[in-house]
Each structure stands twice: as C-alpha cells, then as structure tokens.
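Next come the chains, spelled out residue by residue.
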Amino acid sequence: TAQGGRRTLLAAAVPAPDGPVRLFDQVCVLTLVATDAAALAEAASGEGRRASALERLAAEVARVAGRRALGYAKLSGDRFVLAAGFAPGSAAAAAVALAEAALDLRDQAATVFAGLGHSAAFRLGLDCGPALGAEIAAGEPVFNLWGDAVRLSERLAETGLPGAIAVSQSAQSFLCGAFVFQPRG
C-alpha cells in the first residue's frame, strides 16, 4: 500500500535511536537562524579562496561552544542550535552560559554580515524547558535533541527582530538580575 511504502521511506530516512531516548526536564537551547540564504553563501571579496558567511559562522559557533563549555552545537539547514543543562539542577548555569554565548554570537554574526555589506541577516532565540535526546547513529554517535525547548527556541529566533536575541519567560527567569532585558510589545 501507499501508506506502507511511506512508513518504509520514513524508517529509512529517520534512523531509530541507538540508545534510549532521554527526557531532560530543564535544558536550555539557543537557536541562531540565518534569514538571508544568499548572504549565508556569500564569501568576502578578495584574492584567493575566502570563507563563506556560513563557514565563518560555523567556526564562531564552534569557538563559542568550546569557550562556554556547551555540550551541544549543531548546524541544521539555515540554523545553528546550541544547548546546555543536561545534568539535573544545571539549568541556571546553562541559561547564563547560553545567554553569554548569544551575546558573543550576535556580535560575531553582525561582524560577519557587515563585512559582506549586509545588515543583520540573523535572529537568535533562547528558551529553557523540557527536551528529548538520543544517540541516532551507530559507530561515531550523533546526538539529536528535540522537544518543547528546541521548538520554542526556534520559534523565538524565527519571529524575533533582525540581529536581536529573543528570550522566553522561562529562560528570563534564570537570567533576571544578571542581564538587562527590553520588553518586546
């Protein structure tokens, strides 16, 4: 049947988790969404091979994730997803680390796009909440993360202001007193 064929295709496209799916009650997730695909692919002008905006952003994400000791950094399409707070009771510290990472990435992304003559072709979203995760590949494991915190972080980034960091109430509750927030009417 057509439906049976669809299940077969889906099973082939989405591998079953190799390890148990784990629930993380309070993980913090930061998403950076690029809003201009042409700008993302563009490289700085000049002689020789120049890194594209995507390559430069990927290098910055890796640098920031390492510097802030973030446990998860992934490129998926036009977005980078970073997460921390997988250990019980670590959400407050993870929220601070991701907020600092968001400030670093905002500044670096602005520099990357300005160097190409573009305005801020990116948005960021930060949320803390429940998520699921599992290793999904045999051999060298690939960890995948999904759930409410991931979706809301992405939604905040997609609907935020260009070059800005949109923060959920949940994330803000961990960050009050350490960061200044501007309400978005």
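Please refer to the structure higher up on the page.
First, a word on what this report is: a plain description of the structure on this page. The structure displayed is predicted, hence computed values, not measured ones.

### Focus on the pattern of salt bridges
(1) Moving on: Applying the stated criterion across every chain, the model contains eight salt bridges.
(2) Moving on: We note a salt bridge from Asp-104 to Arg-67, for which the minimum N-O separation is 2.7 Å. Of the two residues, Asp-104 sits in helix α4 (residues 91-115) while Arg-67 sits in helix α3 (residues 53-67), which places them 37 residues apart along the sequence.
(3) Moving on: Note that Glu-158 and Arg-79 form a salt bridge whose closest N and O atoms lie 2.8 Å from each other. Of this pair, Glu-158 sits in helix α5 (residues 148-159) while Arg-79 sits in strand β3 (residues 79-84), and the two are 79 residues apart along the sequence.
(4) Moving on: The exposure class assigned to Glu-158 is partly exposed, which follows from its relative accessible area of 37%.
(5) Moving on: Taking relative accessible area as the criterion, Arg-79 reaches 13% and is therefore assigned buried.
(6) Moving on: Salt bridges sharing partners connect three or more residues here, namely Arg-67, Arg-68, Glu-100 and Asp-104.

### Overview of the layout of surface pockets
(1) Moving on: Reported here for the largest pocket is a volume of approximately 610 Å³.
(2) Moving on: Around the largest pocket, the lining comprises 20 residues; the ones closest to its centre are Ile-165, Ala-166, Val-167, Phe-181 and Gln-182.
(3) Moving on: Elements that contribute at least two residues to the lining of the largest pocket include exactly α4, α5, β6 (165-167) and α6 (169-175).
(4) Moving on: Partitioning the lining of the largest pocket into residue classes produces 14 nonpolar, four polar and two charged.

### A short note on the state of the cysteines
(1) Moving on: With the rule as written, the count across this model stands at one disulfide.
(2) Moving on: Across a sulfur-sulfur distance of 2.2 Å, Cys-28 and Cys-128 are joined as a disulfide pair. Handedness here is read from the sign of the S-S torsion; for Cys-28 and Cys-128, about 110°, the answer is right-handed. Residue Cys-28 is located in strand β1 (residues 22-34), and its partner Cys-128 is located in strand β4 (residues 122-135); the two are separated by 100 residues in the primary sequence.
(3) Moving on: Cys-128 sits in the buried class, given a relative accessible area of 3%.

### Examining the nonpolar core
(1) Moving on: Ranked by size, the top nonpolar core spans 35 residues in total, and within it Leu-30, Leu-70, Leu-82, Leu-98, Leu-105 and Phe-113 carry the most contacts.
(2) Moving on: Elements with a minimum of two residues in this core: β1, α2 (37-41), α3, β3, α4, β4 and α6.
(3) Moving on: It is α4 that contributes the most residues to this core, 12 residues altogether.
(4) Moving on: Among all residues touching Leu-105, those that are not within four sequence positions of it are Leu-30, Leu-32, Glu-60, Val-61, Val-64, Leu-82 and Leu-124.
(5) Moving on: Counting residues in each nonpolar core, the second largest holds 10 residues, with Val-81, Ala-131, Ala-149 and Val-150 among its members.

The rules behind each value
- Residues numbered from 1 in each chain as written.
- Predicted model: local features only at pLDDT ≥ 70, side-chain atom pairs only at ≥ 80, totals over all residues.
- Heavy atoms only, no water.
- Salt bridge = Lys/Arg side-chain N within 4 Å of Asp/Glu carboxyl O.
- Helix = DSSP H or I, 4+ residues; strand = E, 2+ residues; numbered from the N terminus.
- Buried < 20%, exposed > 50% of the residue type's maximum accessible area, 1.4 Å probe, protein only.
- 1 Å grid on protein atoms, 1.4 Å probe; cavity = no way out; pocket = protein on both sides within 12 Å on 5 of 7 lines; lining within 4 Å.
- Points joined across faces, edges and corners; volume = space filled by probe spheres on them.
- Nonpolar A, V, L, I, M, F, W, Y, C, P; charged D, E, K, R; others polar.
- Disulfide = S-S within 2.5 Å.
- Core = buried A, V, L, I, M, F, W, Y, C linked by side-chain atoms within 4.5 Å.
- Contact = heavy atoms within 4.5 Å.

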